[in-house]
Amino acid sequence: MPGSTTSQPVLAMNEVVVRFGGVVALDGVSLQVHPREVLGVIGPNGAGKTTLFNVACGFVRPTEGRLLFDGEDVTGWQPHHLVDHGVARSLQGLGLFGRLSVLDNVLVGADRHARTSFLGSLFAAPTATKDERALRDRAMAVLQRLGIEDHAGDIVGSLPYPLRKRVSLARALVAEPRLMLLDEPASGLSESEMSELGDIIVDLAQDVSVMLVEHHMDLVMRVCQRLTVLDFGRVIATGSPDDVRDDPAVLEAYLGGVVEDDASDEPTPGTTGETTRKGSSRA
Ligand SMILES: Nc1ncnc2c1ncn2[C@@H]1O[C@H](COP(=O)(O)OP(=O)(O)OP(=O)(O)O)[C@@H](O)[C@H]1O
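Because the structure is predicted, anything quoted here is derived from the model rather than measured. (Residues numbered from 1 in each chain as written. Predicted model: local features only at pLDDT ≥ 70, side-chain atom pairs only at ≥ 80, totals over all residues. Heavy atoms only, no water.)

**Thoughts on the layout of surface pockets**
And then number 1: The space that makes up the second largest pocket amounts to roughly 230 Å³.
And then number 2: If you go around the second largest pocket, you meet 19 residues; those closest to its centre are Pro-162, Lys-165, Arg-166, Leu-189 and Leu-197. (1 Å grid on protein atoms, 1.4 Å probe; cavity = no way out; pocket = protein on both sides within 12 Å on 5 of 7 lines; lining within 4 Å. Points joined across faces, edges and corners; volume = space filled by probe spheres on them.)

Shown next as C-alpha cells:
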C-alpha cells in the first residue's frame, strides 16, 4: 500500500547531525521514506531542507548519525555510488547538456543498467548496437510517460524551462531508481505546470519512492502521504498533511517570527504558495 509505514524504509536517516563550523544545520534528524511513498520535507527558510537533501544525495556527509538505503548503511557514500544503487536525484540546477538532444540527455542517465554505456557506445563496441537499441526503447518509454516523446529529437538548450525540467526528471527515471529525490521541482513553474507536475509525481509513486523538498504547499499537500517538518535543523512534526497543517508547532514555526505589518500577508501551511519567514535570524 502506498505510504505504508510497516515495511522496511527505502531511505532512513537516523539521528543525523550536520555542522558547518559553528552552525548546526541538522540537529538529530530522523526520517523514513517507505516503498512507493511520497514524503514531503518542508520548513521555513534556513530550516535545513537543502542540507537534508544533500545528505540524502551523498553531497554532504553527516557529522553524526547514519544514512540507510534499503537497510544498508550508506553513510558517507559518494553520490555516484548512491546513484548506482538506485538513488536518483533531480536538482534545481538541471545539469543537462544544452547542445545534445532530449533523447541523448536521457540516455546519459541510463548508464546504471547498461552493459554498454551510452558514452562507451560512441566508440562502437561490438555489443553496442543491441544494448543501445534497448536503452533507446527504455528512454523513449520514459519520455512517453512524462509526455515529452514528441521532443525526443529537440536540442535541450532550445526548450523552455518547464520542458527542460521534465527532461531532467526523465534522465533520473531512465535509470529505474528505487528512490527519487526531488529538490524544489515546482520552482519556476506556473499553476497549471505545477498541477501537471503533481500528476507526474503521483504517477511515479506507483513504483518509485519519492522524497520531495518543496516550498509550494499546494503541491506538497496534494501529492505527499506524509510530511516531515523541519525548523532550526530539527524535526518538529511528522505526519499526514492534515495532521501537520493543524500542528501548533508547525504554525508557530511558520508564523512565529512574523512582523506585525506583514501578518495578514503571511501564508499558512496548506493554504497557499511559497512559504517565507520574516524577522527570524539564525545568527
Ligand atoms: N555550506 C554551509 N556553510 C555554512 N552554513 C551553512 C551551509 N549550508 C547551510 N548552512 C546553514 O545551515 C542552515 C540550514 O540551511 P539550509 O540551506 O539547509 O536550509 P533551507 O531550509 O534549505 O533554507 P531555504 O529554504 O532558505 O533554502 C542555515 O543556517 C544555513 O545558513
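**Describing the packing of helix 6 (residues 161-173) against helix 7 (residues 191-204)**
And then number 1: Interaxial distance between helix 6 and helix 7 falls to 12 Å at its minimum, and their mutual angle equals 10°. Looking at the two axes, helix 6 sits roughly parallel to helix 7. Residues Pro-162, Arg-166, Leu-169 and Leu-173 of helix 6 form the contact with helix 7, whose participating residues are Glu-193, Glu-196, Leu-197, Ile-200 and Leu-204.
And then number 2: Classifying every residue of the contact of helix 6 with helix 7 gives six nonpolar, no polar and three charged. (Axes fitted to C-alpha atoms, helices over the stretch in contact; angles between N-to-C directions. Helix = DSSP H or I, 4+ residues; strand = E, 2+ residues; numbered from the N terminus. Parallel < 35°, antiparallel > 145°, perpendicular 65-115°, else oblique. Contact = heavy atoms within 4.5 Å. Nonpolar A, V, L, I, M, F, W, Y, C, P; charged D, E, K, R; others polar.)

**Considerations on the pairing of strand 3 (residues 38-42)**
And then number 1: Within strand 3, five of the five residues are buried, which leaves the element mostly enclosed by the surrounding structure.
And then number 2: Residues Val-38, Gly-40 and Ile-42 line one face of strand 3 and the alternating positions Leu-39 and Val-41 line the opposite face, and both faces are buried.
And then number 3: The sheet contact formed by strand 3 and strand 8 (residues 209-213) spans four bridges and is parallel. Bridge assignment links Gly-40 to a residue of strand 8, and that residue is Leu-212.
And then number 4: For strand 3 and strand 9 (residues 226-231), the ladder comprises four bridges, and the chain directions are parallel. The residue bridging Val-41 from the neighbouring strand is Thr-228, located in strand 9. (Buried < 20%, exposed > 50% of the residue type's maximum accessible area, 1.4 Å probe, protein only. Pairing = 2+ DSSP bridges.)

**Considerations on the nonpolar core**
And then number 1: Membership of the largest hydrophobic core comes to 50 residues, with the highest contact counts inside it found for Met-180 and Leu-212.
And then number 2: Summarising the domain contributions, this core has at least three residues from each of domain 1 (1-86 + 177-283) and domain 2 (97-176).
And then number 3: Other than its neighbours up to four places away in sequence, Met-180 contacts Ala-88, Arg-89, Leu-169, Ala-172, Leu-173, Val-208, Ser-209, Val-210 and Met-211.
And then number 4: Residues Val-10, Leu-82, Leu-179 and Met-211 belong to the second largest nonpolar core, which totals 28 residues. (Core = buried A, V, L, I, M, F, W, Y, C linked by side-chain atoms within 4.5 Å. Domains from an automatic or database assignment.)

**Regarding the pattern of salt bridges**
Pairing between side chains of opposite charge can happen when their charged atoms approach one another.
And then number 1: For the structure shown, the criterion picks out eleven salt bridges.
And then number 2: The closest approach of N and O atoms between Asp-27 and Arg-234, which form a salt bridge, is 2.9 Å. With a gap of 207 residues between them, Asp-27 in strand 2 (residues 23-33) and Arg-234 in strand 10 (residues 234-239) connect regions that are remote in the sequence.
And then number 3: Owing to a relative accessible area of 28%, Asp-27 belongs among the partly exposed residues under this scheme.
And then number 4: What makes Arg-234 partly exposed here is its relative accessible area of 48%.
And then number 5: Taking the shortest distance from any N to any O, the salt bridge between Arg-226 and Glu-37 comes out at 2.5 Å. With Arg-226 in strand 9 and Glu-37 in the loop between strand 2 and strand 3, the pair connects residues that are 189 residues apart, well separated along the chain. (Salt bridge = Lys/Arg side-chain N within 4 Å of Asp/Glu carboxyl O.)

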